[in-house]
Amino acid sequence: MTAEEIRRMEERVAQVRAEMERACRAAGRAPGEVLLCAASKTQNSETVRAAAALDIDLFGENRVQELCEKYAAGAYSGKPLHFIGHLQTNKVRQVVGRACMIESVGSHRLLECVAAEAQKQGIRQDILVEINIGAEASKSGIAPEELPGLLECAHALPSLRVRGLMSIPPAADAPGASRPYFVQMRGLFADEHYENVRMEELSMGMSADFADAILEGANLVRVGTALFGARSYPAQ
């Protein structure tokens, strides 16, 4: 990256941090309560490595191949790495042990596959349960009413540790349109009395709505274009 590109990225990070702080103060919360996850889909290793030197708490990858390539290149520079995209069961082994958190566990089958791979590797994998809060057929995740049953299943899998919830609400067509979904998510975010279930992380809010998510209780926001600029997708 050129010095000018790094400077522009640093400015965008500062702008996002300032908006996060405003939202925290409006909600009566300390700014340090909310983690900034840089959603680095389509960004190359050089860009991610430069971002790691800025005021970013962790990285989130949507694609397994990108995660593996950047991980091997040391692009995350020791900062925590989350997997935040749809995870196919046949790719679980490539993510478990590399991502310190898998945020997108949204089915019993995926839960069991992650647990089996973690047990095979001799580790305990942190996960978030993905909730399909808008009941959208195009998105993964469990329905809100399925959460107790999935947590009960997770309780029987000692190679997992449930750390909280994640969601992507329907695309907002107006400012503030996501807030009712964030309120619903906050309502699901309650203490669970299982040894390996702790409701600590509420991951919701992206570039267009992270301030609203913070107002409604998010303590982890996943921001991509607001940090890196518009994504450039390779030609198919």
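Everything below is about the structure printed above this text.
Residues numbered from 1 in each chain as written. Predicted model: local features only at pLDDT ≥ 70, side-chain atom pairs only at ≥ 80, totals over all residues. Heavy atoms only, no water.

Visitor: Can you help me understand the overall build of the chain in this one?
Guide: When helices and strands are tallied, the chain shows nine helices and eight strands. Taking 18 Å as the expected radius of gyration for a compact globule of 236 residues, we find that the chain reaches 17 Å, a close match to that expectation. Along the longest, intermediate and shortest principal axes, the C-alpha atoms of the chain span 50 × 40 × 35 Å. Burial statistics for the chain: of 236 residues in total, 47% are counted as buried. The contacts in the chain between residues at least 6 apart in sequence include a share of 59% that link residues at least 24 apart. Here the chain displays about 11100 Å² of accessible surface, and carbon together with sulfur accounts for 49% of that area. A distance of 4 Å separates the average location of the 26 positive side-chain charges in the chain from that of its 31 negative side-chain charges. (Helix = DSSP H or I, 4+ residues; strand = E, 2+ residues; numbered from the N terminus. Rg over C-alpha atoms; globule rule 2.2 N^0.38 Å. Buried < 20%, exposed > 50% of the residue type's maximum accessible area, 1.4 Å probe, protein only. Contact = heavy atoms within 4.5 Å. Areas by Shrake-Rupley, 256 points an atom, 1.4 Å probe, with all protein chains shown as cover. Lys, Arg positive; Asp, Glu negative; His and termini not counted. Charge placed at Lys NZ, Arg CZ, Asp CG, Glu CD.)

Visitor: Can you walk me through unusual backbone geometry in this structure?
Guide: Trans peptide bonds make up the majority, and among non-glycine residues the majority have a negative phi. In this model, T42 sits at a positive phi of 75 degrees, which is unusual for a non-glycine residue. Of the residues examined, T42 reaches a relative accessible area of 22% and is grouped as partly exposed. In the Ramachandran plot, A135 falls in the positive-phi region, its phi being about 50 degrees despite a non-glycine side chain. Relative to the assigned elements, A135 resides in the loop between β5 (125-131) and α6 (147-155). The class for A135 is exposed, based on a relative accessible area of 69%.

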